[in-house]
Amino acid sequence: AEQVFYRAFSDLHLKHLAPLPGSSELLGELAEAGYYLGVVSNKRGNFLRLEAERLGWHRHFHQLAGAGDAARDKPCREHVDHALGIGTANPGPVAGPDVWFVGDADIDMLCAHNAGCRAILVRAQPPAGDEFAAAIPDLHFPDLGSLAAHLRQT
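Attention here is on the structure that accompanies the text. (Residues numbered from 1 in each chain as written. Predicted model: local features only at pLDDT ≥ 70, side-chain atom pairs only at ≥ 80, totals over all residues. Heavy atoms only, no water.)

## Let's talk about the overall build of the chain
In step 1: Helices and strands together make up the secondary structure of the chain, namely six helices and five strands.
In step 2: Sequence-ordered secondary structure for the chain, helices as α and strands as β, is α-α-β-α-β-α-β-α-β-β-α.
In step 3: Over its C-alpha atoms, taken along the principal directions, the chain stretches across nearly 45 × 35 × 35 Å.
In step 4: By the burial criterion, 35% of the 154 residues in the chain qualify as buried.
In step 5: Once local pairs closer than 6 in sequence are excluded, the contacts in the chain between residues at least 24 apart make up 43%.
In step 6: Carbon and sulfur atoms provide 54% of the accessible area of the chain, an area that totals close to 9,000 Å².
In step 7: When the 13 basic and 19 acidic side-chain charges of the chain are each reduced to a single mean position, those positions are 5 Å apart. (Helix = DSSP H or I, 4+ residues; strand = E, 2+ residues; numbered from the N terminus. Buried < 20%, exposed > 50% of the residue type's maximum accessible area, 1.4 Å probe, protein only. Contact = heavy atoms within 4.5 Å. Areas by Shrake-Rupley, 256 points an atom, 1.4 Å probe, with all protein chains shown as cover. Lys, Arg positive; Asp, Glu negative; His and termini not counted. Charge placed at Lys NZ, Arg CZ, Asp CG, Glu CD.)

Listed below in structure tokens is the structure:
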């Protein structure tokens, strides 16, 4: 079943690939400003890298860490360390409060907390009740434009 799924997925995923509004502009701004940019994803690494290439985003990222690329996947710290290039010839920053981990789901906030990073939630609806009881977001933005505006002010 897994082989059938990934065969079908590999045939379709690039055809339906569309960036979130504001994502290209934000990535370009951050890269231009010299920020270290990495990705931690549940998507298999080979698919993640193909998508970054197709979107032209590969030039912005220092490291793309997909499922199976690190010793342990999200929400484990090893996945974040892999995205930060730890153990490579050109490592980025060490995971900690100066590293912003931006995501849209509870597993992202948990991963950020496990790595000691700032947990930044980007999605239309704010956290509800005890939805993020295991890992409360440090900041919430309803969209990438709001995140970009905040970063421009800081």
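From this point, the discussion proceeds with the structure in view.
## What to know about helix 2 (residues 23-32)
In step 1: Listing the buried residues of helix 2 in full gives Ser23, Leu26, Leu27 and Leu30. On an axial view of helix 2, the arc spanned by its buried residues comes to 95°, and they lie on one face. What points out from helix 2, more than 90 degrees from its buried face, is the exposed set Glu25 and Glu32. (Arc of directions from axis to C-beta.)

## Notes on the pattern of salt bridges
In step 1: This structure, assessed with the given rule, holds seven salt bridges.
In step 2: Its salt-bridge partner being lysine 43, residue glutamate 51 comes within 2.8 Å of it at the nearest N-O pair.
In step 3: On the basis of relative accessible area, glutamate 51 is assigned to the buried category, the value being 9%.
In step 4: Take lysine 43: its relative accessible area is 29%, and that puts it in the partly exposed class.
In step 5: Two residues, aspartate 81 and arginine 77, come together in a salt bridge whose shortest N-O distance is 3.4 Å. (Salt bridge = Lys/Arg side-chain N within 4 Å of Asp/Glu carboxyl O.)

## Considering the pairing of strand 2 (residues 63-67)
In step 1: By the bridge criterion, four bridges tie strand 1 (residues 38-44) to strand 2 in an arrangement that is parallel. Bridge pairing links valine 39 to leucine 64 in strand 2.
In step 2: Viewed along the sheet, the connection from strand 1 through helix 3 (residues 45-55) into strand 2 turns out right-handed. (Pairing = 2+ DSSP bridges. Right-handed = clockwise from strand over helix to strand, strands pointing away.)

## Regarding the sheet that holds strand 3 (residues 100-103)
In step 1: On the basis of which strands lie adjacent, the open sheet formed by three strands has the order 3-4-5 and parallel pairing. Of all strands in the sheet, those with a lone pairing partner are strand 3 and strand 5 (139-141), marking the two edges. Each strand of the sheet is rotated relative to its neighbour by a mean of 25°, with strand direction disregarded.
In step 2: Across three bridges, strand 4 (residues 118-122) lies against strand 5 in parallel orientation. Bridge pairing in strand 5 links isoleucine 120 to leucine 139.
In step 3: Sheet strands in contact with helix 5 (residues 106-115) are strand 3 and strand 4, and its direction is about 165° off that of strand 4. (Axes fitted to C-alpha atoms, helices over the stretch in contact; angles between N-to-C directions.)

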